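Report on the structure
Letter by letter, the chains look like this.
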Amino acid sequence: MEMSRGDKTMQTSVVKSFKLFILHYMDLKYALLSRDLELEEQRKITIVSLPYLAITGLILTVFLMITLIDIPLYRSQIIESVMAVLSPSMALITTAGCLWGIGVPFSNILTAVPFLVITIGVDDAFLILAAWRHSNTSLEISNRTGESLAKSGASITVTSLTDILCFAVGIISAIPVVRLFCLYTAIALTVDFIYQITFFASCVVFCAKRQARIEEEIRMKTNNNMASAYLSTLVDANFTMENLYLEESELNSITKQMQTFVLKESFNVNFAVNPCPNFSHNFIRIKFNEMVQRLENITPFGRGKVGTNLWTRDFQTIISFWDGDESDLWKEEVLLKNYRELSLDEKYINIGYYLLLL
């Protein structure tokens, strides 16, 4: 039994009456149909189909990104991949808004329209991107865009026009649902065609300018690096003592002699003893001094004791005037305390190691 749309209170009353009737005749089966129930089911199927539409768009976007990836990565058409799916989606929104605005009804069969329009729109975007990749890269971006659209425009126009006409024929169908489906699809494909040659083509140009800007920055950076590398070869890395004074300074003649006869004939050698010896033992101090003497005389060209900078000798000289047990004064904590109280140079003393400069 079919019941037309009317007052919900009356519908509820009728349903209750049917239930009482069926309870009396248990062998009867019944079903209710109303316009409200039909609209509710259409709303449910639309909500259920939305996640699948999102998944379809995501899969197409990922597929486009993978197929359009390039090395170096800045040449990859990632943004174009997103715009290729966004363009037909915008066409769907425009179509739905316009038709709903003029009162064209919605039916659950229209949930198939987005899948159809998006796949056809992505196919058109593929043609534009393929033509762009095969265009002459030496041309200006405006000329290259014209060449790309000239190559792909015919294919896009023919396929889009064919699809639009096929669905437009269905508008004159006697079946309302078919007529509604064909109307939405034909208009959506028309809007998508307009967006492809305007919005999507503009996105391709924008990304091309961005890529050209990146390539120009890389080219400039490469040129700067090459110039820096060349100029660095011209830098005189040899430091001379004359650089310490003005060109007319009287010290230049002396420093030149020192540089020729002194600095070229001598150099400093640093020795570090680690771990720190326990100087509180007299035996350790004796052995340490013997080691220093051997190092001072390791070569006949050494300056000996005169050229040695050793803090233990300075400290030994100072504590020789002090009273008390000498071993206690050499203990680490006492040694550091006395060193700091006397404001001695701590440059060559450290808890972890002792540095000997020859």
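Note that the structure is a prediction, hence the values are computed from the model and not measured.

1. Description of the UniProt feature "transmembrane region" (unreviewed entry) in the chain
As recorded in UniProt, the sites labelled "transmembrane region" (unreviewed entry) are residues 45-69, 81-103, 109-132, 153-177 and 183-208. Structurally, residues 81-103 comprises 91% helix and 0% strand, and the distance from its first C-alpha atom to its last is 34 Å. Between the C-alpha atoms that bound residues 183-208 there is a distance of 36 Å. The span itself is 100% helix and 0% strand.

2. So, the confidence of the model for the chain
The predicted model of the chain has a mean per-residue pLDDT of 76, with 74% of residues at 70 or higher. Mean pLDDT across the secondary structure elements of the chain bottoms out at strand β2 (residues 354-357), with 40, and peaks at helix α3 (residues 78-101), with 88. Throughout residues 1-6 the model reports pLDDT below 50, and contacts reaching past four residues in sequence, or to other chains, amount to 15 contacts. This stretch, residues 350-358, has a pLDDT under 50; its non-local contacts, to residues over four places away or in other chains, come to 43 contacts.

3. Thoughts on the nonpolar core
Taken as a class, soluble globular proteins show a tendency for nonpolar side chains to be buried jointly. Counting 34 residues, the largest nonpolar core has Val113, Tyr184 and Phe200 as its most contacted members. When residues of this core are traced back to their parent elements, those giving at least two are α2 (35-67), α3, α4 (113-133), α5 (141-169) and α6 (176-233). Ranked by the residues each element gives to this core, the list is headed by α6, at 12 residues. Leave out the neighbours within four places in its chain, and Val113 touches Leu92, Phe181, Tyr184 and Thr185. Core analysis: the next-biggest nonpolar cluster, separate from the first, contains 12 residues, Phe279, Phe288, Ile319 and Leu329 among them.

4. Side note on the packing of α3 against α4
Close contact between α3 and α4 brings their axes to 8 Å; oriented N to C, the two are set at 140°. In this view, α3 runs oblique relative to α4, as classed from their interaxial angle. Considering how the two elements wind past one another, α3 and α4 form a crossing that is right-handed. Two secondary-structure elements touch here, α3 through Glu80, Ala84, Val85, Pro88, Ser89 and Leu92 and α4 through Val113, Pro114, Val117, Ile118, Gly121, Val122, Ala125 and Leu129. Residue composition of the contact of α3 with α4, grouped by class: 11 nonpolar, two polar and one charged.

5. Considerations on the pattern of salt bridges
Inspection of every chain in the model, using the stated rule, returns three salt bridges. Glu147 is paired through a salt bridge with Lys151; the nearest N and O atoms lie 3.2 Å apart. Here the residue Glu147 and the residue Lys151 both occupy positions in helix α5, the gap between them amounting to four residues, near one helical turn. Across the pair Glu290 and Lys287 runs a salt bridge whose closest N-O atoms are separated by 3.8 Å. One end of the pair is Glu290 and the other is Lys287, both in helix α8 (residues 282-296) and three residues apart, which spans about a single turn. A relative accessible area of 34% places Glu290 in the partly exposed class. Assessed through its relative accessible area of 43%, Lys287 is described here as partly exposed.

Criteria and thresholds
Residues numbered from 1 in each chain as written. Predicted model: local features only at pLDDT ≥ 70, side-chain atom pairs only at ≥ 80, totals over all residues. Heavy atoms only, no water. UniProt positions renumbered as here; feature names shortened; annotations may be inferred. Helix = DSSP H or I, 4+ residues; strand = E, 2+ residues; numbered from the N terminus. pLDDT = per-residue confidence, 0-100. Contact = heavy atoms within 4.5 Å. Core = buried A, V, L, I, M, F, W, Y, C linked by side-chain atoms within 4.5 Å. Buried < 20%, exposed > 50% of the residue type's maximum accessible area, 1.4 Å probe, protein only. Axes fitted to C-alpha atoms, helices over the stretch in contact; angles between N-to-C directions. Parallel < 35°, antiparallel > 145°, perpendicular 65-115°, else oblique. Left-handed = near helix turned anticlockwise from the far one by under 90°. Nonpolar A, V, L, I, M, F, W, Y, C, P; charged D, E, K, R; others polar. Salt bridge = Lys/Arg side-chain N within 4 Å of Asp/Glu carboxyl O.

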